[in-house]
Amino acid sequence: ATQGFIKQAVYKTLFKRHKFIGSKRELEYSTNTNSIAQIILTTLNIPTDAITQCNCWAQIKHLIPEYLNRKRSTITSAIKNRFEGYIAKYGEFVLDSFCAKRELKTTQLLQFLHWFVVPFIGRETWSRTRETTNFSELLTVCDEAYLYLIIESNYDKWLYLYNRTAEEKQNDKKIKGSTRHVLTPSTLIENSSTRVQSGVMIRHLRMSTGTRLETDGLMKAGNDTVLLC
């Protein structure tokens, strides 16, 4: 089996049932149909005799953790992007409230799961199958548990980054909406990342179109910053 086929077997089949490998023992060859070895070998259509399977598994099993790590990274990044969109549309939420009402299948919970199913199956598949396929076949229990784990682990950080980004965008709009800005020393320092070289502050400014900088340079004298006009 080529590495491309092995990767697809991990991405499309194994990941739906196994998100992590807890120990090396889980990578040992087994005839158990639920084992990682049998899931991959069956997906690759490897002949069922034990000798062939055992030899094949010995050659490919080292690739499984790497491909699982890649898949988790991709899914987590996609969940983060969907998280930002969800917050923008529906606002902040309490994850525990969804988990507690999981069996009730509330409208809010279904809305939440429908929003976050895309990272697991892709937008195209979701658009094609959402009306014709049982939702539990698209998002497995293992997928749902992983979704809760990732959001719970990253909620505060992602929310902070989202709010900070939203605030920066709002500030950018204010700057672009103004035709002319006179930058004082204080605002120049606040909006610049600076370094001192031979007493002269070298400024790295993120200047928007139409902003006029009315200074020729900054000199540092003692503890004071002097504006040179």
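Residues numbered from 1 in each chain as written. Predicted model: local features only at pLDDT ≥ 70, side-chain atom pairs only at ≥ 80, totals over all residues. Heavy atoms only, no water.

1. Looking at helix α2 (residues 36–43)
The element α2 is largely enclosed, with a buried count of 6 among its 8 residues. Within α2 the residues assigned to the buried category are I36, A37, Q38, I39, I40 and L41. Residues of α2 that are buried in the fold lie against α1 (3–12), α3 (50–60) and α4 (63–90). Directly beyond the C-terminal end of α2, a positive phi value near 60 degrees is found at N45. (Buried < 20%, exposed > 50% of the residue type's maximum accessible area, 1.4 Å probe, protein only. Helix = DSSP H or I, 4+ residues; strand = E, 2+ residues; numbered from the N terminus. Contact = heavy atoms within 4.5 Å.)

2. Some words on the packing of α1 against α4
At a minimum axis distance of 9 Å, the contact between α1 and α4 shows a crossing angle of 55 degrees. As the angle between them shows, α1 and α4 are arranged oblique. Pair α1 / α4 crosses with right-handed handedness. The residues of α4 that touch α1, namely those facing Q3, I6, K7, V10 and Y11, are L63, I64, Y67, L68, R70 and K71. For the contact of α1 with α4, the class distribution of residues is 7 nonpolar, 1 polar and 3 charged. (Axes fitted to C-alpha atoms, helices over the stretch in contact; angles between N-to-C directions. Parallel < 35°, antiparallel > 145°, perpendicular 65-115°, else oblique. Left-handed = near helix turned anticlockwise from the far one by under 90°. Nonpolar A, V, L, I, M, F, W, Y, C, P; charged D, E, K, R; others polar.)

3. So, the side chain of Q53
Relative to the helices and strands, Q53 resides in helix α3. The exposure class assigned to Q53 is buried, which follows from its relative accessible area of 4%. Only 2.8 Å separates the side chain of Q53 from the side chain of Y29, close enough to count as a polar contact. (Polar contact = N/O pair within 3.5 Å; in protein donor to acceptor, adjacent residues only side chain to side chain.)

4. With respect to unusual backbone geometry
One non-glycine residue, N45, lies in the positive phi region at around 60 degrees. Examined against the element boundaries, N45 turns out to sit in the loop between α2 and α3.

5. Examining the pattern of salt bridges
Working definition: two side chains of opposite charge can pair if their charged atoms are close together. Applying the stated criterion to the full structure yields 3 salt bridges. Across the salt bridge formed by D143 and K19, the nearest N and O atoms sit 2.7 Å from each other. Of this pair, D143 sits in helix α10 (residues 141–177) while K19 sits in the loop between α1 and α2; the two residues are 124 residues apart in sequence, bridging distant segments of the chain. Using a relative accessible area of 5% as the deciding quantity, one classes K19 as buried. (Salt bridge = Lys/Arg side-chain N within 4 Å of Asp/Glu carboxyl O.)

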